[in-house]
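# A look at the structure
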Amino acid sequence: RACHNLAAIYQSRDDNISAQKFYELGCEAKLPFSCHNLAILEQKKPTPDNAKTIEYFKKACDYDGASSCHLLALAYINGAPGLQNDEKKGANLLKKACDLGFIPACNDYGETLRFGTGVKKDPQSAAQLFKKACDAKFAPACGNLAFMHFYGENGAKDEKKAVELLRKSCKFGSEKACEIIERVDENGTKTDKNSQSNESNQTAVLGTKDQNQTTQK
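Everything in this summary refers to the structure shown in the same document. (Residues numbered from 1 in each chain as written. Predicted model: local features only at pLDDT ≥ 70, side-chain atom pairs only at ≥ 80, totals over all residues. Heavy atoms only, no water.)

## Thoughts on the state of the cysteines
Put simply, the test is: Two cysteine sulfurs form what is called a disulfide whenever their separation falls within 2.5 Å. Burial here depends on accessible area, computed with a 1.4 Å probe over protein chains only, as a share of the maximum for the residue type. Under 20% is buried, over 50% is exposed, and the range in between is partly exposed.
According to the stated counting rule, one finds five disulfides in the structure shown. Covalent S-S linkage joins Cys61 and Cys69, the inter-sulfur distance amounting to 2.1 Å. Because the sign of the S-S torsion sets the handedness, a value of about 105 degrees for the bond joining Cys61 and Cys69 places this disulfide among the right-handed ones. By relative accessible area, which is 0% here, Cys69 ends up buried. One disulfide in the model links Cys170 with Cys178; its S-S distance is 2.0 Å. One quick way to see it: the torsion about the S-S bond of Cys170 and Cys178 is about 100 degrees, and its sign makes the bridge right-handed. Its relative accessible area of 24% is what places Cys170 among the partly exposed residues. Here the cysteine-cysteine linkages of the protein chain are recorded as 1-2, 3-4, 5-6, 7-8, 9-10, numbering only bonded cysteines and doing so in sequence order.

## What about helix H9 (residues 139-151)?
As a reminder of what qualifies: The numbering of helices and of strands both runs from the N terminus, where a helix is a DSSP run of H or I of at least 4 residues and a strand a run of E of at least 2. To estimate the expected span of a helix, count its residues, drop one, and scale the result by 1.5 Å.
Its 13 residues place the ends of H9 19 Å apart at the C-alpha level, agreeing with the 18 Å of an ideal helix rising 1.5 Å per residue. Where H9 is concerned, the buried positions are Ala139, Ala141, Cys142, Gly143, Asn144, Leu145, Ala146, Phe147, Met148 and Phe150. Phi turns positive one or two residues past the end of H9, at Gly152, with a value near 65 degrees.

## Focus on the packing of aromatic side chains
Centre-to-centre distance and the angle between the planes together describe a pair of aromatic rings. Spelled out, the test is: Working definition: rings of Phe, Tyr and Trp (its six-membered ring) pair if their centres are within 6.5 Å, and the pair is stacked with planes under 30 degrees apart, edge-to-face with planes over 60 apart, and tilted otherwise. Cation placement over rings: the criterion is NZ of Lys or CZ of Arg within 6 Å of the ring centroid and within 35° of the ring normal.
As enumerated under the stated definition, the model contains two aromatic pairs in all. Relative to Tyr151, the ring of Phe150 has its centre 5.0 Å away and its plane inclined at 90 degrees; by these criteria the two rings are edge-to-face. In this structure Phe150 comes out as buried when scored by relative accessible area, which is 9%. What makes Tyr151 partly exposed here is its relative accessible area of 24%. Between Lys157 and the ring centre of Phe150, over which it is positioned, the NZ or CZ distance is 5.4 Å.

## Structural notes on unusual backbone geometry
Of note, the phi angle at Lys30 is positive, near 65 degrees, even though the residue is not glycine. With respect to the secondary-structure elements, Lys30 resides in the loop between helix H2 (16-28) and helix H3 (32-43). Residues other than glycine seldom take positive phi values, yet Asp64 does so here, at roughly 70 degrees. Structurally, Asp64 is set in the loop between helix H4 (50-62) and helix H5 (66-78).

## A closer look at the packing of H5 against helix H6 (residues 87-99)
Packed helices, taken two at a time, are described by the angle their axes make and the gap between the axes. What counts, and what does not: The axes are straight lines fitted to the C-alpha atoms, using for helices just the contacting stretch, and the angles between their N-to-C directions are given from 0 to 180°. Roughly parallel means an angle under 35 degrees; roughly antiparallel, over 145; roughly perpendicular, 65 to 115; everything else is oblique. Take the far helix as the reference: if the near one is turned anticlockwise from it by less than a right angle, the crossing is left-handed, and if turned clockwise, right-handed. Contact between two residues is taken to exist if any of their heavy atoms lie within 4.5 Å; hydrogens are not considered. Each residue is assigned to one of three groups, with Ala, Val, Leu, Ile, Met, Phe, Trp, Tyr, Cys and Pro labelled nonpolar, Asp, Glu, Lys and Arg labelled charged, and all others, Gly among them, labelled polar.
Contact pair H5 / H6: the axes reach a minimum separation of 8 Å and the direction vectors enclose 160 degrees. Viewed along their axes, H5 and H6 adopt a mutual orientation that is roughly antiparallel. Handedness of the H5/H6 crossing: left-handed. Judged by residue contacts, Ala66, Cys69, His70, Leu72, Ala73, Tyr76 and Ile77 of H5 engage Glu87, Lys89, Gly90, Ala91, Leu93, Leu94, Lys96 and Ala97 from H6. When grouped by side-chain class, the residues that make up the contact of H5 with H6 number 10 nonpolar, two polar and three charged.

## Section: helix H7 (residues 103-115)
Because each turn of an α-helix spans 3.6 residues, side chains separated by three or four positions in sequence point in the same direction. Its 13 residues give H7 an end-to-end C-alpha distance of 19 Å, which sits within 8% of 18 Å, the value for a rise of 1.5 Å per residue. With respect to burial, H7 is a largely interior element, 11 of its 13 residues being buried. Residues of H7 that are buried include every one of Pro104, Ala105, Cys106, Asn107, Asp108, Tyr109, Gly110, Glu111, Thr112, Leu113 and Arg114, and no others. Downstream of H7 by one or two residues, Gly116 has phi in the positive range, about 75 degrees.

Shape is all these values report; function is a separate question.
Encoded structure:
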């Protein structure tokens, strides 16, 4: 951990050469966040080595780095240079990241279960994951769960519950949810179905972004 923290100091001073040296020592010691940051440094190079980037992310994930598993999963699902598209592997990595406690991955794994991306459709499990992430104040998950209630994807349609969840999504930072709620408040309980579909798409597995950190908390 000392090597990682020293590397982070060098990185904060824009000395990426020294940072890489100490991150490599941390990665050799199986510190996932050191391997993760090596991947980030590689990505920022003028001519990044995509294979090396993927290798670092894989190592970090192997060492139970949840955010690295999440990014790697999205790369498998979306496709990335140097990596063959594999939705099944991506879904499995999202599950691992979620099991490790990374809430955005729980939302994204819920999306794979909701739409059957690399896994068999399972609306009940998808709803459970969205609820878990929503309870953790992750706005996209509240929105996803809202649309499942609105369209009756996991039981009877429940517009009242959908609106309640959209209000939560808005409260937790979703601008799109706030826009929908504003229209709901103006027009009663009627909602724009196309707008809801757009929100669902925007909060799907391909749209979620990971936040990378240079130091381990």
